[in-house]
Amino acid sequence: CLFLVATSLPLFVEIWMERSFFVAIVRLVRQMFTLSPLLFIFQGKIIGHYVVNELRYGGATYVSTGRGLPTDRRPLVGELEKTGFRLKKVGGLYLDYAVIA
């Protein structure tokens, strides 16, 4: 419960400074009643999972336009071995950027 209140504290202080203490208390109670801090935590975890997957596996997909443009799906850093954190194939989009820059 303390964590939920701590995450809502910046909004509480901002509303208190802009409007009044009573409006800030009502907003905090309404926010706790609807469990919106839990929604923000869930949303942050979903966005973090999406970003990690994009960095790990890449995200390029080809949408056919009829012009025959070639695309390929490459990871950002390289391909990892299944057993650990070693790279079995070094390369990827990061090295392409490093060569260009």
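Residues numbered from 1 in each chain as written. Predicted model: local features only at pLDDT ≥ 70, side-chain atom pairs only at ≥ 80, totals over all residues. Heavy atoms only, no water.

K.L.:
Could you give an account of a nonpolar patch on the surface, with specific residues and numbers?
P.N.:
Residues Trp16, Phe21, Ile25 and Val29 make up a contiguous nonpolar surface patch of roughly 380 Å² in combined accessible area. Of all the elements, helix H2 (residues 21-33) adds the most residues to the nonpolar patch, at three residues. Of note, Phe21 is situated in helix H2. (Patch = residues over 30% accessible without salt bridge, like charges linked within 9 Å, V, L, I, M, F, W, Y side chains within 5 Å. Areas by Shrake-Rupley, 256 points an atom, 1.4 Å probe, with all protein chains shown as cover. Salt bridge = Lys/Arg side-chain N within 4 Å of Asp/Glu carboxyl O. Helix = DSSP H or I, 4+ residues; strand = E, 2+ residues; numbered from the N terminus.)

K.L.:
I'd love a proper account of the environment of Pro37, names of residues and values included.
P.N.:
Examined against the element boundaries, Pro37 turns out to sit in helix H3 (residues 36-57). Between the alpha carbons of Pro37 and Ala6 there is a distance of 9.9 Å; along the sequence they are 31 residues apart. Beyond its immediate stretch of four places on either side in the chain, Pro37 contacts Leu4, Thr7, Ser8, Gln31 and Met32. (Contact = heavy atoms within 4.5 Å.)

K.L.:
Explain the confidence of the model for the protein chain to me, and be specific about the residues and the numbers.
P.N.:
When pLDDT drops low, the exact placement of atoms in the prediction is not to be read closely. Averaged over the protein chain, the pLDDT score is 75; the fraction of residues at 70 or greater is 61%. The weakest mean pLDDT in the protein chain belongs to helix H4 (residues 93-100) at 58; the strongest belongs to H2 at 90. (pLDDT = per-residue confidence, 0-100.)

K.L.:
Tell me about the packing of helix H1 (residues 2-18) against H2, and name the residues and values.
P.N.:
Interaxial distance between H1 and H2 falls to 9 Å at its minimum, and their mutual angle equals 150°. The orientation of H1 with respect to H2, classified from their angle, is roughly antiparallel. Like other packed secondary-structure pairs, H1 and H2 cross with a definite hand, here right-handed. Mapping the contact onto sequence places Leu4, Val5, Ser8, Leu11, Phe12, Ile15 and Trp16 in H1 and Phe21, Val23, Ala24, Ile25, Arg27, Leu28, Gln31 and Met32 in H2. By residue class, the composition of the contact of H1 with H2 is 12 nonpolar, two polar and one charged. (Axes fitted to C-alpha atoms, helices over the stretch in contact; angles between N-to-C directions. Parallel < 35°, antiparallel > 145°, perpendicular 65-115°, else oblique. Left-handed = near helix turned anticlockwise from the far one by under 90°. Nonpolar A, V, L, I, M, F, W, Y, C, P; charged D, E, K, R; others polar.)

K.L.:
Which residues make up empty space enclosed by the protein, and what values go with them?
P.N.:
A full pass over the atoms with the stated rule returns one cavity of 30 Å³ or more. In this model, the largest cavity occupies a volume close to 40 Å³. For the largest cavity, the full set of lining residues is Ser8, Leu11, Phe12, Ile15, Ala24, Arg27, Leu28 and Gln31. Listing elements by their share of the lining of the largest cavity, those giving two or more residues are H1 and H2. Classifying every residue of the lining of the largest cavity by side-chain character gives five nonpolar, two polar and one charged. (1 Å grid on protein atoms, 1.4 Å probe; cavity = no way out; pocket = protein on both sides within 12 Å on 5 of 7 lines; lining within 4 Å. Points joined across faces, edges and corners; volume = space filled by probe spheres on them.)

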